[in-house]
Amino acid sequence: MNEDEVIALAARGDTEAFSVLYQRYVNRIYNYIYYRTGNPFEAEDLTSRVFHRALNHIQRYDNRGIPFSAWLYRIAHNLVANWHRDSNRHREVPIEDQPRLVHHGEPPEHAVMNHQELERLMKVIRKLPAERQQLLILKFVEGLSNAEIAVIMMRSEGAIKSLYHRTLLALRNEIEKTEE
């Protein structure tokens, strides 16, 4: 069954069809939200809210040549934006929840250096405007093409290329500032 048929069944109330869509996209949506919030607990909560909204509104989904995943990313984007706007949360993550970057066979000092570099990069990325963070997540975490990102972000492919170029320049400048 192709995706359009699964969506049509889900829109008619077929929960098994919606389950197929959920299984197909839950990890991608969770990853997107996690990288935007930096908090696994909030990412789980927001991911469940994305799919709850999608389930409640799937009959309103109108396929106008836009992939279903773009609709889910749009819901996720809006929920993350609301999450950031509604709270002045401090980015406090218990030390036991920090990602572990220990690679087997790698000397501990290399793992520490890699972890510190990753932390520094994530700090710089989180300072970027939301749309630039979204672009980087979709490009590097999700591995989407510029055309797919353009659909999700509701822009032209040329605008995405330009935003991508400006974002990389801004990242480089910020990283150079932190190294000084």
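Let me sum up the structure you'll find in this document. Residue positions are given per chain, counted from 1 along the sequence in the order it is written. Whole-chain, interface and lining totals are the exception, using all residues; otherwise, since this is a predicted model, local features are given only for residues with pLDDT of at least 70 and side-chain atom pairs are given and counted only at 80 or more. Excluded from the side-chain calculations are hydrogens and water; all other atoms, namely the structure's heavy atoms, are used.

Overview of helix α4 (residues 68-86)
- Its 19 residues give α4 an end-to-end C-alpha distance of 27 Å, which sits within 8% of 27 Å, the value for a rise of 1.5 Å per residue.
- Should any heavy atoms of two residues lie within 4.5 Å, those residues are counted as being in contact. Runs of H or I in DSSP of at least four residues are treated as helices and runs of E of at least two as strands, each being numbered from the N terminus. Where α4 is buried, its residues contact α1 (3-11), α2 (15-37), α3 (40-57), α6 (130-141) and α7 (146-153). Take the residue count of a helix, subtract one, and multiply by 1.5 Å to get its expected span.

Considerations on the pattern of salt bridges
- Each salt bridge in this description consists of a side-chain nitrogen of Lys or Arg and a carboxyl oxygen of Asp or Glu lying within 4 Å of one another. Scanning the entire structure with this criterion turns up five salt bridges.
- Salt-bridge contacts for Glu 3 lead to Arg 24; the nearest nitrogen and oxygen are separated by 2.9 Å. With Glu 3 in helix α1 and Arg 24 in helix α2, this residue pair connects regions lying 21 residues apart in the sequence.
- You can call Arg 24 partly exposed: its relative accessible area is 39%.
- The partner of Asp 45 in a salt bridge is Arg 49, and the shortest N-O contact between them spans 3.7 Å. Placement of both Asp 45 and Arg 49 in helix α3 is noted, with a separation of four residues, approximately one turn of the helix.
- Summary of the burial criterion: residues with accessible area below 20% of their type's maximum are buried, those above 50% are exposed, and those between are partly exposed, where the area comes from a 1.4 Å probe applied to protein chains only. With a relative accessible area of 36%, Asp 45 lands in the partly exposed category.
- Looking at Arg 49, the relative accessible area reads 38%, which means it is partly exposed.

Focus on α2
- Across the chain, bend at a residue is computed as the angle between axes fitted to the seven residues ending at that point and the seven starting from it. The sharpest bend along α2 measures roughly 45° and falls at Tyr 25.
- Among all positions of α2, only Ala 17, Phe 18, Leu 21, Tyr 25, Val 26, Ile 29, Tyr 32, Ile 33, Arg 36 and Thr 37 are buried.
- Contacts from the buried residues of α2 go to α1, α3, α4 and α6.
- Looking at where α2 begins, the residue whose side-chain oxygen comes 2.9 Å from the main-chain nitrogen of Glu 16 is Asp 14. Polar contacts, as counted here, are pairs of nitrogen or oxygen atoms within 3.5 Å of one another; within protein the pair requires one atom able to donate a hydrogen and one able to accept it, and residues that are adjacent in sequence qualify only if both atoms are side-chain atoms.

Some thoughts on the nonpolar core
- To define a nonpolar core, start from buried Ala, Val, Leu, Ile, Met, Phe, Trp, Tyr and Cys residues and group those joined through side-chain atoms within 4.5 Å. Among the nonpolar cores identified, the biggest contains 37 residues, and Leu 21, Ile 29, Ile 33 and Val 50 are the most heavily contacted of them.
- When residues of this core are traced back to their parent elements, those giving at least two are α1, α2, α3, α4, α6, α7 and α8 (157-179).
- Examining the composition of this core, we find that nine residues originate from one element, α4, more than from any other.
- Other than its neighbours up to four places away in sequence, Ile 29 contacts Thr 47, Val 50, Phe 51, Leu 72, Tyr 73 and Ala 76.
- Core analysis: the second largest hydrophobic core is formed by six residues, Met 122, Ile 125, Leu 128 and Leu 171 among them.

What about the packing of aromatic side chains?
- Ring pairs are drawn from Phe, Tyr and Trp, using the six-membered ring of Trp, whenever the two centres fall within 6.5 Å, and their geometry is named by plane angle: stacked under 30 degrees, edge-to-face over 60, tilted for the rest. Using the criterion set out here, one finds nine aromatic pairs in the structure.
- Here Phe 140 and Tyr 164 contribute two aromatic rings whose centre-to-centre distance is 6.1 Å and whose plane-to-plane angle is 40°, an arrangement assigned as tilted. Of the two residues, Phe 140 sits in helix α6 while Tyr 164 sits in helix α8, which places them 24 residues apart along the sequence.
- Among the residues examined, Phe 140 registers a relative accessible area of 52% and is labelled exposed.
- In textbook terms, an aromatic cluster arises when at least three aromatic residues are bridged by ring pairs, as seen for Tyr 25, Tyr 61, Phe 68 and Trp 71.

So, to be careful, I would describe these as geometric facts and stop short of saying anything about function.
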